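The lines below spell out each chain.
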Amino acid sequence: MPWREQAGQYRDDDRRIMQSGIPNIGYEEQQTTLDGNRAWLRTSKVPLRDGAGRVIGVLGIYDDITESRRMTEVLRHSRRSLAEAQRIGRMGSWELDLESGELAWSEEIFHIFEIDPERFSASYESFLALIHPDDRDRVNDAYTESLKLRMPYEIEHRLLFPGGRVKHVRERCETLYGEDGRPLKSLGTVQDVTDHALA
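These notes cover the structure that comes with them.

Turning to the environment of H111, a few remarks are in order. Examined against the element boundaries, H111 turns out to sit in helix α3 (residues 107–113). The exposure class assigned to H111 is exposed, which follows from its relative accessible area of 55%.

Laid out in C-alpha cells, this is it:
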C-alpha cells in the first residue's frame, strides 16, 4: 500500500483507541497517495465492542479534505495579499449589512483610524463619531442621499484625533439592492490622502 510510511502511526492510533475505549473524532492527518503525492484526511476512529462490551476492533472513517485545505490556503494567501496591497495603498475596505447593522472593517481601516480592533465595535454610528464634527453631517448626507438615489458616492472628509490632529481621507461607496429595491449591503473603501490634501 502506498501509505506504508504512515502505517505505523495508523496502527498506533488504532491500538490507542482499542486500549482506551475512547473514540477520536475529526482529526486531520496526511496520507501518501497512489501517485506518490500527499493527501489530507479528516479521520474518525471508534472502538468496536462485542455483546459483552469488550473492545474487539476499531472502525475508521476517512474523508479526503485535500481540496478543501488547498482552497483554504489559497484564500489565506489571497487575504494576505489583499491586506498587503491595502497597506501599501493606504486604502482599507468596509462592508455594512443594512439588515443587521453589522459593519466590517479591513485591517487597514483600523490602521487609518488608529483604532485597536479588540477595543472597538464597528458600527455606522461609531464610524460617524470618528469624523471631524464639521464634516460629519456632510458625510452622513452623502451616504443617505446615495441610498435614496441608488447611486454610488465619493467624498473627501477629515478624521479628528486627540490633540486636534487631523487626517484627510477619500471614501467611496456603492450599495447592493434586492429584487424588491430594498438596500441590502453597502461596500466601500477609505483611503488616507492626508499627504495629497496637505500638498
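On we go from here.
The topology assignment puts I25 in strand β1 (residues 24–32). On the basis of relative accessible area, I25 is assigned to the exposed category, the value being 57%. The spacing of I25 and E102 is 77 residues in sequence and 35 Å in space, taken between C-alpha atoms. For I25, the contacting residues outside a window of four places in its chain are T43, S44, K45 and V46.

This next bit is on the pattern of salt bridges. As enumerated under the stated definition, the model contains 19 salt bridges in all. The salt bridge involving E5 is made with R38; its shortest N-O contact spans 3.0 Å. One end of the pair, E5, is in helix α1 (residues 4–20); the other, R38, is in strand β2 (residues 38–49), and 33 residues separate them in sequence. Classification of E5 by relative accessible area gives exposed; the value is 59%. Owing to a relative accessible area of 43%, R38 belongs among the partly exposed residues under this scheme.

Of the strand pairs in this sheet, β2 and strand β3 (residues 55–64) are connected by nine bridges, and their pairing is antiparallel. Across the sheet, residue L41 finds its bridge partner in β3, namely D64. Joining the antiparallel neighbours β2 and β3 is a turn of five residues, in which G53 adopts a positive phi near 90 degrees.

What counts as what
- Residues numbered from 1 in each chain as written.
- Predicted model: local features only at pLDDT ≥ 70, side-chain atom pairs only at ≥ 80, totals over all residues.
- Heavy atoms only, no water.
- Helix = DSSP H or I, 4+ residues; strand = E, 2+ residues; numbered from the N terminus.
- Buried < 20%, exposed > 50% of the residue type's maximum accessible area, 1.4 Å probe, protein only.
- Contact = heavy atoms within 4.5 Å.
- Salt bridge = Lys/Arg side-chain N within 4 Å of Asp/Glu carboxyl O.
- Pairing = 2+ DSSP bridges.

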